Amino acid sequence: MATVVTVTSGKGGVGKTTSSAAIAAGLAQAGHRTVVIDFDVGLRNLDLIMGVERRVVFDFVNVISGEATLNQALIQDKRLENLSILAASQTKDKDALTEEGVGQVLEQLAEMGFEYIVCDSPAGIERGATMALHFADHAVIVTNPEVSSVRDSDRILGILQSKSKRAKEGGKVHEHLLITRYDPARVDNGEMLSKEDVCDILAVKLIGVIPESKAVLKASNTGVPVILDDDADAGLAYGDAVARFLGEDRPMRFVTPKKQGLFSRILGGGD
């Protein structure tokens, strides 16, 4: 039975697609057969983050409408043998995603032997987002440490707890919190919410804190999930987050300001 992991946020621009790509790649690295699906019909970006934009022939909506099979639409990642990508359509309307159609695709993926289905949900509560949230077994709530982002994430939690398939059947979606673009120095200066502040407001188990990093932009521009960059703090932090999601106990890194050396202080250094 496949586990559906929906990566979601209330606000755009928080690093949700970057996180979807990293989580899917991390699960595949850990030996789990994983597929990541872009639910953002009309504004697809996952294929760019994954570096497969030139390999997209058929997409999610083509499969739902019967214009292509899953075997035709799935793109095998060239770096990780356990990872596949299903792109969104850039031309179709969001109403092309129906509950019945999405459900059938998820069932077929489970039958094909995928252990994890990672759903890259659009931000907010439009149709693509509600479809991804509806089928979630687990939800990773991605938020920046700022008041507006956290408030919007709280709204998404309300939808999960009331409108998801699991909720309607008397169950509960497993919720996980991922804080992105975290800057410990700004937290110490009172310019940014602390991870404790965010956890107190949302009351969701924290699985990762991703530090602000130039490596994230570089990864996006080169089409390589940042989790595959072993030299980047952000990549290591995503690796920790996936390990915690899978039940491993790891200390939280990158949550305190880095100590600068003497020359860095003299020269006013910093990244």
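This section reports on the structure supplied with the text.

Cut-offs and rules
- Residues numbered from 1 in each chain as written.
- Predicted model: local features only at pLDDT ≥ 70, side-chain atom pairs only at ≥ 80, totals over all residues.
- Heavy atoms only, no water.
- Phe/Tyr/Trp six-rings, centres within 6.5 Å; stacked < 30°, edge-to-face > 60°.
- Helix = DSSP H or I, 4+ residues; strand = E, 2+ residues; numbered from the N terminus.
- Buried < 20%, exposed > 50% of the residue type's maximum accessible area, 1.4 Å probe, protein only.
- Lys NZ or Arg CZ within 6 Å of the ring centre and 35° of its normal.
- Pairing = 2+ DSSP bridges.
- Expected span 1.5 Å × (residues − 1).

Topic: the packing of aromatic side chains
Point 1. Using the criterion set out here, one finds 2 aromatic pairs in the structure.
Point 2. Judged by centre distance (5.0 Å) and plane angle (70°), the rings of F39 and F60 are edge-to-face. With a gap of 21 residues between them, F39 in the loop between β2 (34-38) and α2 (46-50) and F60 in helix α3 (residues 60-64) connect regions that are remote in the sequence. Residues F39 and F60 agree in their burial class; the two are buried.
Point 3. For the cation-ring pair, R33 lies above F114, with the distance from its terminal atom to the ring centre recorded as 4.1 Å.

Points about the pairing of strand β1 (residues 3-8)
Point 1. Within β1, 6 of the 6 residues are buried, which leaves it mostly tucked inside the rest of the structure.
Point 2. With burial as the criterion, each face of β1 is covered, one bearing T3, V5 and V7 and the other bearing V4, T6 and T8.
Point 3. Sheet topology note: the β1/strand β5 (residues 116-120) ladder contains 5 bridges and is parallel. Opposite V4, over in β5, you have I117 as the bridge partner.

Details of helix α5 (residues 99-111)
Because an α-helix packs 3.6 residues into every turn, residues spaced three or four apart end up facing the same way.
Point 1. Counted at 1.5 Å a residue, the expected span for α5 with its 13 residues is 18 Å, and the 18 Å between its end C-alpha atoms agrees.
Point 2. Those residues of α5 that fall on the buried side of the exposure criterion are G101, V102, G103, V105, L106 and L109.
Point 3. G113, located one to two residues past α5, shows a positive phi value of around 100°.

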